[in-house]
Amino acid sequence: MSAVLTGSDAPSPAPLRRTRPPVVWGHWLLAGLVFAFLFLFLLLPVGEVIYTAFVTETGAPTLGHFSNFFGQSLLRESLINSLQVALASVFFASVIAIPLAYLTVRFEFRGALLIQTLGVLPLIMPPFVGAVALQLIFGRSGSVNLLLNDWFGFTVPIMDGLVGVTFVESIHYFPFILLNLVAAMRNIDGAMEESAQNLGAKGWRLFWRIIFPLSLPGYLAGAALVFVKVFDDLGTPLVMGVTNMLAPQAYLRITSVGIEDPLGYVISVIMIVLSILALWMASRVMKGKDYSTLQKGGGSLQRRNLRGWASVLAYAWVVFVLLVTLAPHIGILLMSFSKVWSFSVLPDSYTLEHYATVFTDSKLMVYNTLKYCLMAAGLDVVLGTLIAYLIFRTNLPARRWLDYIASIALAIPGLVLAIGYLRMFKGVNIPFTDTPVVTTWVLIMIAYAVRRLPYALRSCMAALQQVHISLEEAGQSLGAGKVSTVRRIMVPLMMGGILAGFVTSFITAAVELSATILLTSAQSQAPMSYGIYLYMQSIAGRGPGAALGVIAVVVVAIGTYLSHRVVEKSRAPVHAPQQP
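Residues numbered from 1 in each chain as written. Predicted model: local features only at pLDDT ≥ 70, side-chain atom pairs only at ≥ 80, totals over all residues. Heavy atoms only, no water.

Draft legend 1. Broad picture of the overall build of the chain. Secondary structure summary: the chain contains 26 helices and 4 strands in total. Burial statistics for the chain: of 580 residues in total, 50% are counted as buried. (Helix = DSSP H or I, 4+ residues; strand = E, 2+ residues; numbered from the N terminus. Buried < 20%, exposed > 50% of the residue type's maximum accessible area, 1.4 Å probe, protein only.)

Draft legend 2. How the structure looks around the packing of helix 18 (residues 363-393) against helix 21 (residues 442-465). Taken N-terminus to C-terminus, the directions of helix 18 and helix 21 make an angle of 40°; their axes are 6 Å apart at the nearest point. Here helix 18 lies oblique to helix 21, going by the angle between them. Both helix 18 and helix 21 take part in a crossing whose hand is right-handed. Looking at side-chain class alone, the contact of helix 18 with helix 21 contains 23 nonpolar, 3 polar and 3 charged residues. (Axes fitted to C-alpha atoms, helices over the stretch in contact; angles between N-to-C directions. Parallel < 35°, antiparallel > 145°, perpendicular 65-115°, else oblique. Left-handed = near helix turned anticlockwise from the far one by under 90°. Nonpolar A, V, L, I, M, F, W, Y, C, P; charged D, E, K, R; others polar.)

Draft legend 3. Focus on the side chain of Ser-170. Relative to the helices and strands, Ser-170 is located in helix 8 (residues 161-186). Judged by relative accessible area, which is 3%, Ser-170 ranks as buried. Aside from chain neighbours lying at most four places away, what touches Ser-170 is Ala-88, Ser-89, Phe-92, Ala-93 and Ile-96. (Contact = heavy atoms within 4.5 Å.)

Draft legend 4. Molecular detail of the packing of aromatic side chains. Overall, the coordinates contain 18 aromatic pairs when judged by the stated rule. Centre to centre, the rings of Phe-35 and Phe-39 are 6.0 Å apart; their planes meet at 25°, and the pair counts as stacked. Of this pair, Phe-35 and Phe-39 both sit in helix 2 (residues 25-53), separated by 4 residues, roughly a single helical turn. Given the relative accessible area of 37%, Phe-39 is considered partly exposed. For the pair Tyr-372 and Tyr-448, a centre-to-centre distance of 6.4 Å together with 65° between the ring planes defines the contact as edge-to-face. Taken together, the residues Tyr-372 in helix 18 and Tyr-448 in helix 21 connect sequence positions 76 residues apart. The class for Tyr-372 is buried, based on a relative accessible area of 0%. We classify Tyr-448 as buried; its relative accessible area is 2%. Following the ring pairs from residue to residue traces out a cluster consisting of Phe-37, Phe-41, Tyr-421 and Phe-425. Positioned above the aromatic ring of Trp-441 is the side chain of Lys-371, whose terminal nitrogen or guanidinium carbon lies 4.4 Å from the ring centre. (Phe/Tyr/Trp six-rings, centres within 6.5 Å; stacked < 30°, edge-to-face > 60°. Lys NZ or Arg CZ within 6 Å of the ring centre and 35° of its normal.)

Draft legend 5. Geometry of unusual backbone geometry. With a phi angle near 60°, Ala-398 is a residue other than glycine that sits in the positive phi range. Position of Ala-398 relative to the elements: it lies in the loop between helix 18 and helix 19 (400-407). Assessed through its relative accessible area of 53%, Ala-398 is described here as exposed. At Phe-432, a residue that is not glycine, the phi angle is positive and equals roughly 70°. Along the chain, the position of Phe-432 falls in the loop between helix 20 (414-424) and helix 21.

Draft legend 6. Structural context of the side chain of Thr-351. Within the fold, Thr-351 resides in the loop between strand 4 (349-350) and helix 17 (353-361). Residue Thr-351 is classed as buried on the basis of its relative accessible area, which comes to 12%. A distance of 3.0 Å separates the side chain of Thr-351 from the backbone nitrogen of Glu-353, its partner in a polar contact. (Polar contact = N/O pair within 3.5 Å; in protein donor to acceptor, adjacent residues only side chain to side chain.)

Draft legend 7. Spotlight on the confidence of the model for the chain. For the chain, per-residue confidence averages 81 on the pLDDT scale, and residues scoring 70 or more make up 83% of the total. pLDDT under 50 marks residues 574-580. Its contacts with residues more than four places away, or in other chains, come to 0 contacts. (pLDDT = per-residue confidence, 0-100.)

Draft legend 8. Representation of the environment of Gly-420 within the structure. As for its placement among the helices and strands, Gly-420 is situated in helix 20. With a relative accessible area of 0%, Gly-420 lands in the buried category. Sequence spacing of Gly-420 and Ile-50 is 370 residues, and the spatial spacing of their C-alpha atoms is 9.1 Å. Excluding anything up to four places from it in sequence, Gly-420 contacts Pro-45 and Val-49.

Draft legend 9. Examining the pattern of salt bridges more closely. On inspection of all chains with the given rule, the structure shows 10 salt bridges. When the shortest N-O distance is used, the salt bridge between Asp-160 and Arg-140 registers 2.7 Å. Highlighted residues: Asp-160 in the loop between helix 7 (143-152) and helix 8 and Arg-140 in the loop between helix 6 (127-138) and helix 7, separated in sequence by 20 residues. A salt bridge links Glu-260 to Arg-423; the shortest N-O distance between them is 2.7 Å. In this pair, Glu-260 sits in the loop between helix 13 (246-256) and helix 14 (262-286) while Arg-423 sits in helix 20, placing the two residues 163 residues apart along the sequence. With relative accessibility at 44%, the residue Glu-260 sits in the partly exposed group. Salt bridges sharing common partners tie together Glu-48, Glu-260, Arg-423 and Lys-426. (Salt bridge = Lys/Arg side-chain N within 4 Å of Asp/Glu carboxyl O.)

Draft legend 10. Spotlight on the nonpolar core. Core analysis: the largest hydrophobic core is formed by 174 residues, its most contacted members being Phe-69, Tyr-219, Ile-332, Tyr-421, Val-450, Ile-517 and Leu-518. Top element by residues in this core is helix 21. It accounts for 15 residues. Residue contacts for Ile-517: discarding those within four places in its chain leaves Leu-234, Leu-238, Tyr-251, Tyr-530 and Tyr-533. (Core = buried A, V, L, I, M, F, W, Y, C linked by side-chain atoms within 4.5 Å.)

Draft legend 11. Focus on the environment of Pro-237. Among the secondary structure elements, Pro-237 is positioned in helix 12 (residues 235-239). Exposure remark for Pro-237: the relative accessible area of 0% places this residue in the buried category. With 109 residues separating them along the chain, Pro-237 and Phe-128 place their C-alpha atoms 7.8 Å apart.

Draft legend 12. The environment of Val-556, seen in detail. Mapped onto the elements, Val-556 comes out in helix 26 (residues 542-571). Overall, the relative accessible area of 2% leaves Val-556 in the buried class. Sequence separation of Val-556 and Ala-509 is 47 residues, and the distance between their C-alpha atoms is 9.5 Å. Ignoring any residue separated from it by four or fewer positions in sequence, one finds Val-556 in contact with Ile-124, Ile-507, Ala-510 and Val-511.

Encoded structure:
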């Protein structure tokens, strides 16, 4: 009997077939809508810019525009200057951020949390606003140089030309490195530090050979962001009168020569390529290397006490850094109340007239800012939630490409996106009207949303990853439909991340100038960032511009505070009520 069963005539078991998940047409529809938005307002405008740089007026392919670019000494100089300023800003931002991060994470430091909080404050002020304030404090006739000249007989021209732009950008963007570096250092396994110490490493050798290399992913992430942000910045060079850089040259050519000027598109392509190259190089450096640790949370770096001269020097460095980084906030606040501030250490007299002027003449700008930023942030979290859902809760092929496409916006300068919109929608009217699309405020809001989508997307994806799918399955097993499950289970559990993404998009859009300055076609559409820029163009308008800048900082600060409150509340454990 066994021979019969084991013979060649014995039936073989049927092969197991993997069943493919059923096709849900609703998922395809959602993916199609999201891709259509990204294609229309991100890929197509950027593609239009790139295409225009490589064709003649008749549409024939050419590299002649690039030859014209490199044939002009001003444009070559602008390219070199932009690279120098961006790289120098990364260097000086690192000089500020690395010691600050190491001191507050590695040692028992009184007020470490306060120091880290104050260190992030520069991000809530537009850099071009801080540039004006820093000119009054560190300029040739600023407070610091007046004191240096009176006491020691010399001055430090730190706010002149490219050096001034580098100074402003370094102070404004170093928190990107600080935040990423602090997070990376806190995740280092303390056992690795102890092993290095047992082998004789200590002091600077311990830091440079063990601690900093292990925190390199965080540092490179922050440094790449600093490079891209500085390279993209338009407002700071314009306010400081520096036009021999790429972003100001692109703006001046489009606004003076016209939207058909090919060199404006060549500059845009170069800015895109260098921004993407910076992000690619940051990831390339880490490729093939392992920065992981064996423990997390329980065995972090040991905090030690500073003693003697080490403590004095550490506190002196921290105080010096905080005074310099908070100087823009102090300066803009004094300027907003100053009646006369010229060739003096402090304002000669004070007034509230600037705030009265702002509340009288600029109420519409405040309203426009809130309208654009609230709508853009709302659109971002909707798109971010949809993309996160499609990636983690569906089996659609190539769904990850939605994440990749949305993240491209991080490397696209706002100026380039605005040029693409002006080019693509030129001659296009709103349906059933004679109103050109480029004269409406809708493009401003959409530009804000596209530029901030990567921030909201990261928050939404992180929030959904923390929601276990079994919770949704439990709801469906109790009779809830798919839409009801998403609305009543998934979204409420994601709410902390959704709100954090909303506020992050809101506060960063509130200080956007690069896209705003090209897309604002009438003063009635102007948000606060554009109003501040207009005020700062004249000496008489700097007081109201400073007052409007203070209002912008307050709006952003409130948004930042609410973001922290929301995130902390979402992380707080829920305790079950005790039984009597």
